[in-house]
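Examination of the molecular architecture
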Amino acid sequence: IWAYYEVVLGQEVPYPSIADLFWLSGYAMICVALLTQYRLFQVAPSQQQKRMIAVLVVVFFLIGGFVILGPIIQGFDPEEILASLLNIAYPLFDLLLLVLALAVIFSLEQGRFVLSWHILGLGLVFMAAADLMFSYADWNEIYFPDSTLNGITLLIDTLYYVAYLTLGLAAYTYRQISNSLQSVTMDIVLRSLTRSNILVFVAPDGTVISLSNTFSNLIHSQSQNQYIKKPLCEALKIDRSVMADLIAKTIEHEALSTQ
């Protein structure tokens, strides 16, 4: 839609337009996707990672609030409510996207697709940074892509190009890793499924319903049936509060395979 106005009609894109509806919908879908995937990772950031994420969140929200959002909110025009709300929504969504992308980058340290997710997160950081700078430059009327290029215009457009290329590289990397590991994964599963997977079925209160034969290898015992209908924490010799947390996560996610 944006390209149709700019290239075909040769007109300035109206603001607001139907293009803004799709653009904002894209923010919502990306943020929901990142939140959903982050929960599926079942990762617990270390204290150092939490501090790093917290510091970055505070810094970005302070800079974004004072430099970008503050002047836009002060310039709210009651006669153009929709346009004014969009002016606030864009940098707000960008800040949220930036925080989620940084959380993914700093929280994931292991796994076969960690490289792909780091590249994806970096691409989203570039995109959010470009959007935030665009909001600032457009509000202050210093974004001139159609005339003599200034430094901030060149930086914004370059960041957009780099963001698209980085996101494409993330998708390509993910595909390459998937293709390279698929046949190997199938071979391993077919040969060693019954020896490498330990299955435990528990009731909501944490008592054992059923155990696979390989469970005895985990607890170093020849008699694993003694734990049927008993709390799993007794077999694993772990604290009840830890077990309660695992049970809660299992109920929430329907299964756990990495904890």
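In the block above lies the structure referred to throughout.
Residues numbered from 1 in each chain as written. Predicted model: local features only at pLDDT ≥ 70, side-chain atom pairs only at ≥ 80, totals over all residues. Heavy atoms only, no water.

Brief notes about the side chain of serine 212
- Along the chain, serine 212 turns up in the loop between strand E2 (208–211) and helix H7 (215–219).
- Judged by its relative accessible area of 16%, serine 212 falls in the buried class.
- Only 3.0 Å separates the side chain of serine 212 from the backbone nitrogen of leucine 199, close enough to count as a polar contact.
- Once you skip the residues sitting within four places of it in the chain, serine 212 turns out to touch Asn197, Ile198, Leu199 and Gln224. (Helix = DSSP H or I, 4+ residues; strand = E, 2+ residues; numbered from the N terminus. Buried < 20%, exposed > 50% of the residue type's maximum accessible area, 1.4 Å probe, protein only. Polar contact = N/O pair within 3.5 Å; in protein donor to acceptor, adjacent residues only side chain to side chain. Contact = heavy atoms within 4.5 Å.)

A word on the nonpolar core
- Judged by nonpolar contacts, the single largest core of 28 residues is most densely connected at Leu24, Leu34, Leu97, Leu98, Trp117 and Val125.
- When residues of this core are traced back to their parent elements, those giving at least two are helix H2 (18–41), helix H3 (47–74), helix H4 (81–107) and helix H5 (114–139).
- With 12 residues, H4 is the largest single contributor of residues to this core.
- Those residues in contact with leucine 98, other than ones at most four positions away along the chain, are Phe60, Val125, Ala128 and Leu132.
- Membership of the second largest hydrophobic core comes to 11 residues, among which are Val208, Ile219, Cys233 and Leu246. (Core = buried A, V, L, I, M, F, W, Y, C linked by side-chain atoms within 4.5 Å.)

Observations concerning the layout of surface pockets
- Volume-wise, the largest pocket comes out at about 1,400 Å³.
- As for the largest pocket, its lining consists of 39 residues, and the residues nearest its centre are Trp2, Tyr15, Phe134, Asp138 and Tyr143.
- Of all the elements in the fold, those that place two or more residues in the lining of the largest pocket are helix H1 (2–9), H2, H4, H5 and helix H6 (151–196).
- For the lining of the largest pocket, the per-class residue count stands at 21 nonpolar, seven polar and 11 charged. (1 Å grid on protein atoms, 1.4 Å probe; cavity = no way out; pocket = protein on both sides within 12 Å on 5 of 7 lines; lining within 4 Å. Points joined across faces, edges and corners; volume = space filled by probe spheres on them. Nonpolar A, V, L, I, M, F, W, Y, C, P; charged D, E, K, R; others polar.)

Considerations on the packing of H3 against H4
- At a minimum axis distance of 10 Å, the contact between H3 and H4 shows a crossing angle of 170 degrees. If you check the angle between H3 and H4, you find them roughly antiparallel. Taken as a pair, H3 and H4 cross one another with a handedness that is right-handed. Counted together, Gln49, Met52, Ile53, Leu56, Val57, Phe60, Phe61, Gly64, Ile68, Leu69, Ile72 and Ile73 of H3 and Asn87, Ile88, Pro91, Leu92, Leu95, Leu98, Val99, Leu102, Ala103, Phe106 and Ser107 of H4 form the full contact between these two elements.
- Its residues placed into classes, the contact of H3 with H4 shows 19 nonpolar, four polar and no charged. (Axes fitted to C-alpha atoms, helices over the stretch in contact; angles between N-to-C directions. Parallel < 35°, antiparallel > 145°, perpendicular 65-115°, else oblique. Left-handed = near helix turned anticlockwise from the far one by under 90°.)

A closer look at the packing of aromatic side chains
- Scanning the model with the defined rule gives four aromatic pairs in all.
- Look at tryptophan 2 and tryptophan 23: their rings are 6.4 Å apart centre to centre, the planes differ by 50 degrees, and that puts the pair in the tilted class. Residue tryptophan 2 is found in helix H1, and its partner tryptophan 23 is found in helix H2; the two are separated by 21 residues along the sequence.
- Here tryptophan 23 falls in the partly exposed class, since its relative accessible area comes to 39%.
- Pairwise contacts between aromatic rings join Tyr27, Tyr90 and Phe93 into one cluster. (Phe/Tyr/Trp six-rings, centres within 6.5 Å; stacked < 30°, edge-to-face > 60°.)

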